[in-house]
Amino acid sequence: MKSAALGRVALVSGGSRGIGRAISLQLAAEGADTVFVNYLQNDVEAEKTRELVEQHDCQAHLVRANLAYPNQIGQLFDQIEQTVDHLDVFIHCAALTSMKPTLALRPNQWDLTMNASTRSFLLCVKRCVPLMREGAIVALSSLGGGRVIPNYGAMGIAKAALESTVRYLAAELAPKGIRVNAISGGLIDTESIRNFPDSETLIEETVKRTPAGRIGQPEDIADIAMFLISSESRWICGQTLVADGGLSLS
Amino acid sequence: MSYTNEEILSKFQEIVADALSVDISEVVPEARVFSDLAAESIDILDIQFRIEDEFGLKINRDDFGERLAEGLGEEPTAQDIDARFTIGWCVDFICEELQAAEKVEE
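Residues numbered from 1 in each chain as written. Chains lettered and ligands numbered in written order. Predicted model: local features only at pLDDT ≥ 70, side-chain atom pairs only at ≥ 80, totals over all residues. Heavy atoms only, no water.

S.K.: Explain the overall build of chain A to me, please; I cannot follow it from the model alone.
M.R.: Looking only at helices and strands, one finds seven helices and seven strands in chain A. Compactness check: chain A gives a C-alpha radius of gyration of 17 Å against a globular reference of 18 Å for 250 residues, within 12% of the reference. Counting only C-alpha atoms and orienting by the principal axes, one finds that chain A spans roughly 45 × 40 × 40 Å. For chain A, the proportion of its 250 residues judged to be buried stands at 54%. Long-range pairs, those at least 24 residues apart, make up 77% of the contacts in chain A with a sequence separation of at least 6. Averaging the coordinates of the 23 positive side-chain charges in chain A and doing the same for the 27 negative ones gives two points 6 Å apart. (Helix = DSSP H or I, 4+ residues; strand = E, 2+ residues; numbered from the N terminus. Rg over C-alpha atoms; globule rule 2.2 N^0.38 Å. Buried < 20%, exposed > 50% of the residue type's maximum accessible area, 1.4 Å probe, protein only. Contact = heavy atoms within 4.5 Å. Lys, Arg positive; Asp, Glu negative; His and termini not counted. Charge placed at Lys NZ, Arg CZ, Asp CG, Glu CD.)

S.K.: How should the overall build of chain B be read in this particular structure?
M.R.: The helix and strand inventory of chain B stands at five helices and zero strands. Element order for chain B, N to C, with α for helix and β for strand: α-α-α-α-α. Here chain B has a C-alpha radius of gyration of 13 Å; the compact-globule value for 106 residues is 13 Å, and the two agree. If one aligns the C-alpha atoms of chain B with their principal axes, the spans along those axes are about 40 × 30 × 20 Å. Partitioning the contacts of chain B with sequence separation of at least 6, the portion at a separation of at least 24 is 64%.

S.K.: Looking at this structure, how should I read the interface of chain A and chain B?
M.R.: Many analyses report the size of an interface as the accessible area lost when the parts associate. At the interface, 17 residues of chain A touch 19 residues of chain B. For the pairing of chain A and chain B, the buried interface totals around 1500 Å² over both sides, and the portion due to carbon and sulfur atoms is 45%. Residue Arg106(A) pairs with Asp43(B) through a salt bridge whose shortest N-O separation is 2.6 Å. In this structure, the connection of chain A to chain B is made through 11 residue pairs in polar contact (both at pLDDT 80 or more). (Buried area = accessible area lost by both parts, 1.4 Å probe. Salt bridge = Lys/Arg side-chain N within 4 Å of Asp/Glu carboxyl O. Polar contact = N/O pair within 3.5 Å; in protein donor to acceptor, adjacent residues only side chain to side chain.)

S.K.: I'm lost on the packing of aromatic side chains in this one. Help?
M.R.: The relation between two aromatic rings is expressed through the spacing of the ring centres and the mutual angle of the planes. Residues and elements named next belong to chain B. The final tally for this structure, using the stated rule, is eight aromatic pairs over all chains. Ring geometry for Phe64 against Phe85: centres 5.8 Å apart, planes inclined by 75 degrees, an arrangement best described as edge-to-face. Here Phe85 lies in the loop between α4 (78-84) and α5 (87-100) and Phe64 lies in helix α3 (residues 61-69), a separation of 21 residues in the sequence. There is no split in this pair, since Phe64 and Phe85 are both buried. For the ring pair Phe64 and Trp89, a centre distance of 5.6 Å and an interplane angle of 80 degrees mean the geometry is edge-to-face. Within this pair, whereas Phe64 is found in helix α3, its partner Trp89 is found in helix α5, the two being separated by 25 residues in sequence. (Phe/Tyr/Trp six-rings, centres within 6.5 Å; stacked < 30°, edge-to-face > 60°.)

S.K.: Looking at this structure, I do not really get helix α3 (residues 70-83) of chain A. What am I missing?
M.R.: At 3.6 residues per turn, the α-helix brings residues three or four places apart onto the same side. Across its 14 residues, α3(A) extends 20 Å between first and last C-alpha, which sits within 8% of the 20 Å expected from 1.5 Å per residue. Residues of α3(A) that are buried sit in contact with β1 (9-13), β2 (34-39), β3 (59-64) and α4 (107-128) of chain A. (Expected span 1.5 Å × (residues − 1).)

S.K.: Sorry, what's going on with the side chain of Thr206(A) here?
M.R.: All names here are of chain A. Tracing the chain through its elements places Thr206 in helix α6 (residues 199-209). Using a relative accessible area of 4% as the deciding quantity, one classes Thr206 as buried. Those residues in contact with Thr206, other than ones at most four positions away along the chain, are Leu187, Ile215 and Leu247.

S.K.: What exactly am I supposed to notice about a negative patch on the surface here?
M.R.: Residues and elements named next belong to chain B. Together, Asp62, Asp63, Glu66 and Glu70 make up a region of like negative charge exposed at the surface. As for its placement among the helices and strands, Glu66 is situated in helix α3. For Glu66, a relative accessible area of 55% gives the class exposed. (Patch = residues over 30% accessible without salt bridge, like charges linked within 9 Å, V, L, I, M, F, W, Y side chains within 5 Å. Areas by Shrake-Rupley, 256 points an atom, 1.4 Å probe, with all protein chains shown as cover.)

S.K.: What's the story with the pattern of salt bridges in this structure? I'm lost.
M.R.: When the charged atoms of two side chains with opposite charge come close together, those side chains can pair. Residues and elements named next belong to chain A. Applying the stated criterion across every chain yields a total of 18 salt bridges over all chains. Note that Arg127 and Asp78 form a salt bridge whose closest N and O atoms lie 3.0 Å from each other. Here Asp78 lies in helix α3 and Arg127 lies in helix α4, a separation of 49 residues in the sequence. Judged by relative accessible area, Arg127 falls into the partly exposed class, the value being 25%.

S.K.: Hey, could you run me through unusual backbone geometry in this one?
M.R.: Most peptide bonds are trans, and most residues other than glycine sit at a negative phi. One non-glycine residue with positive phi stands out, namely Asp57(A), at about 55 degrees. In this fold, Asp57(A) is placed in the loop between α2 (43-54) and β3. Although it is not a glycine, Ser21(B) sits at a positive phi angle of roughly 55 degrees.

S.K.: Help me out: how do you make sense of the pairing of β2(A) in this one?
M.R.: On any regular strand, side chains alternate: one points to one face of the sheet, the next to the other face. All names here are of chain A. Of all six residues in β2, six are buried, a share of seventy percent or more. Burial of the side chains of β2 extends over both faces: Thr34, Phe36 and Asn38 are buried on one face and Val35, Val37 and Tyr39 on the other. For the crossover from β1 across helix α1 (residues 18-29) to β2, the handedness is right-handed. The pairing of β2 with β3 spans six bridges and is classified as parallel. By the bridge assignment, Phe36 is partnered in β3 with His61. As a crossover connection, the stretch from β2 through α2 into β3 is right-handed. (Right-handed = clockwise from strand over helix to strand, strands pointing away. Pairing = 2+ DSSP bridges.)

S.K.: Just to check I follow, could you spell out α6(A) for this structure?
M.R.: Residue and element names in this part refer to chain A. Inspection of α6 places Ser199, Ile203 and Thr206 among the buried residues, and these make up the whole buried set. Mapping the buried residues of α6 onto a view down its axis gives an arc of 70 degrees, with all of them on the same face. Relative to its buried face, α6 has exposed residues pointing more than 90 degrees away, namely Glu204 and Lys208. (Arc of directions from axis to C-beta.)

And the structure:
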């Protein structure tokens, strides 16, 4: 497969840590010209990501913005537009939630999860479209969007809405040459796992139930993202690609 | 834009009451954010975001944590932090941040 990222200009929301960082680095490693790395508030981790991206001779621009707030999405894109005249790729990894039973959610916890994880995707895409002559958009979902995972109600509901948003946007944007898809990963080895109550047990049980015999690594998802922005995936439109080592088969 | 200390307290009380779905009469200076108002970690983030949006601030989480633990010894307990982390302490913190940003009326 030829490089999917060669010479391209990309934005990765939530791109400074975990899966987002792995995707930012993979874009750089595969020859992207410029990667805008959006992050929420951890300046130290963002700087680390910038250094790692720049090691691949790729321009890295860190953009701190809280995507739960539309005005900050506006500022993010104003900054992008001051730097480049187009975007080729947008990969949406930003997400924020509270791990607790669904019935225990407070209205503000529901709102923050939906706004930071799902509404943010729509608002970013609205600003991406005028910058894309043609391009690829990928949203990060998870198995919890289609099945029940204990204490994952808020995020699972937000991911279900995200996958639906992907389908509607894919239909509206395909005629413009912009493909929109999603990736649904299983349990991925990032800091976020630690937010689950009793995360060690969760990991052990997930490994037992995964035919591939391990939990996912961020790089597993980054490789799928590269496929979905490549021309080899040109006929995939509005789909959520499950990449979970077989976890969802049983 | 600059704020008086009374305006900061009043705005902060509104933000906390709305975020935590509690009556504003409960958001008194001596109320402990965790044990009296039942805030969870995501609520602290939510309140932080609302403060940043309302007052045009960027709060550094490490600074915030260090200031909260200041003077509580090498390894403060959860109880120590809970007792320190009151509405009044938060308002003082915001006032100091706004003063540093020259946004408080003398």
